[in-house]
Amino acid sequence: CSSDLEKYDQAEAVLRKAEALAPGNELVSRRLGAVFLQQGRYNEAIAELQDSLKIKSNAGTYLTLGATYFYQHRFKEAAAALETAIDLDSTRYYYWGNLGIYYKWTPGEEAKSAPALQKAIELAERQLVVTPKDYDIRADLAEYRARRGDKLGALAEIGRIPEAEQQARASRLALA
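Rules used throughout
- Along each chain, residues carry numbers from 1 onward, in the same order as the chain's sequence is written.
- At least 70 in pLDDT is required for a residue's local features to be given in this predicted model, at least 80 for side-chain atom pairs to be given and counted, and no such filter applies to totals for whole chains, interfaces and linings, which use all residues.
- Side-chain metrics rest on all non-hydrogen atoms present in the structure, leaving aside hydrogens and water.
- Each axis is a line fitted through C-alpha atoms, taken for helices only over the stretch in contact, and angles between the N-to-C directions span 0 to 180 degrees.
- Helix numbering and strand numbering both begin at the N terminus, where a helix is a DSSP run of H or I of at least 4 residues and a strand a DSSP run of E of at least 2.
- Should an angle fall under 35 degrees it is called roughly parallel, over 145 degrees roughly antiparallel, and 65 to 115 degrees roughly perpendicular, with every other angle called oblique.
- Here a crossing is taken to be left-handed if its near helix is turned anticlockwise relative to the far helix by less than a right angle, and right-handed if that turn runs clockwise.
- Any pair of residues with heavy atoms lying within 4.5 Å of one another is described as a contacting pair.
- Residues are grouped as follows: Ala, Val, Leu, Ile, Met, Phe, Trp, Tyr, Cys and Pro are nonpolar; Asp, Glu, Lys and Arg are charged; every other residue, Gly included, is polar.
- Burial here depends on accessible area, computed with a 1.4 Å probe over protein chains only, as a share of the maximum for the residue type. Under 20% is buried, over 50% is exposed, and the range in between is partly exposed.
- Here a polar contact means two N or O atoms within 3.5 Å. Within protein one must be a hydrogen donor candidate and the other an acceptor candidate, and residues neighboring in sequence count only if both atoms are side-chain atoms.
- A carboxyl oxygen of Asp or Glu within 4 Å of a side-chain nitrogen of Lys or Arg is what we treat as a salt bridge.

Peer 1: Can you walk me through the packing of helix α4 (residues 59-71) against helix α6 (residues 93-105) in this structure?
Peer 2: To describe two helices that pack against each other, one gives the angle between their axes and the distance between the axes. Contact geometry for α4 and α6: axes closest at 11 Å, N-to-C directions at 30 degrees. Classed by the angle they form, the pair α4 and α6 counts as roughly parallel. As α4 runs across α6, the sense of the crossing is left-handed. Touching Ala59, Gly60, Leu63, Gly66, Ala67 and Phe70 of α4 are Tyr94, Tyr95, Asn98, Ile101, Tyr102 and Trp105, all from α6. A per-class count over the contact of α4 with α6 returns nine nonpolar, three polar and no charged.

Here it is in structure tokens:
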């Protein structure tokens, strides 16, 4: 959508101004990397994210770096980035979920996919105890269950998401 592209262009312009005012700012580099990822400017995203990591190690930055590598089909590097993210913060279910997805695509690491997805499911279910109406978590659970071959579990998760909330999550639900 062109309005999304315009928003990313505006975000880049603001971040470039911030970069000029505070060179070497880890947060600015991290945010620029995320903007570039959304724009499909993967090499620029990687450069910014690596600059950010040189200043401060951050699990979220490794998550974004992993996604960037994944979109470039650099699966081994994507998995390594998520492993580092998990070393820094093992409590985020979606870190484990992404790692499970990346392992599935990484030659020689496929057997690690199911255990990582199972860990994602366990952590997501714990999160639902606190936020039972978080339909994004339910959509993620449906995807993870589907990726593990649990069709009935995936469909059950979809059934827990009100129809009005399903469209916004269609890309994840379609897999299930």
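Now, onward.
Peer 1: Teacher, can you tell me more about the side chain of threonine 106 here?
Peer 2: Examined against the element boundaries, threonine 106 turns out to sit in the loop between α6 and α7 (113-130). Residue threonine 106 is classed as buried on the basis of its relative accessible area of 3%. Within polar-contact distance, the side chain of threonine 106 engages the backbone oxygen of phenylalanine 75 at 3.3 Å. Residue contacts for threonine 106: discarding those within four places in its chain leaves Phe75, Lys76 and Ala79.

Peer 1: Sorry, what's going on with the pattern of salt bridges here?
Peer 2: Pairing between side chains becomes possible if they bear opposite charge and their charged atoms approach one another. Summed over all chains, the structure comprises 19 salt bridges. Its salt-bridge partner being arginine 169, residue aspartate 136 comes within 2.9 Å of it at the nearest N-O pair. Pair noted here: aspartate 136 is in helix α8 (residues 135-147) and arginine 169 is in the loop between α10 (163-166) and α11 (170-175), with a separation of 33 residues, a long-range link. For aspartate 136, a relative accessible area of 33% puts it in the partly exposed group. Among the ionic pairs, arginine 172 bridges to aspartate 140, the shortest N-O distance being 2.6 Å. Pair noted here: arginine 172 is in helix α11 and aspartate 140 is in helix α8, with a separation of 32 residues, a long-range link. No difference in accessibility class separates arginine 172 from aspartate 140, as the two residues are buried.

Peer 1: Could you clarify how one ought to interpret the side chain of glutamate 157 in this entry?
Peer 2: Topologically, glutamate 157 is positioned in helix α9 (residues 151-159). A distance of 3.0 Å separates polar atoms of two side chains, one belonging to glutamate 157 and the other to arginine 138. Residue contacts for glutamate 157: discarding those within four places in its chain leaves Arg138, Leu141, Ala142 and Arg145.

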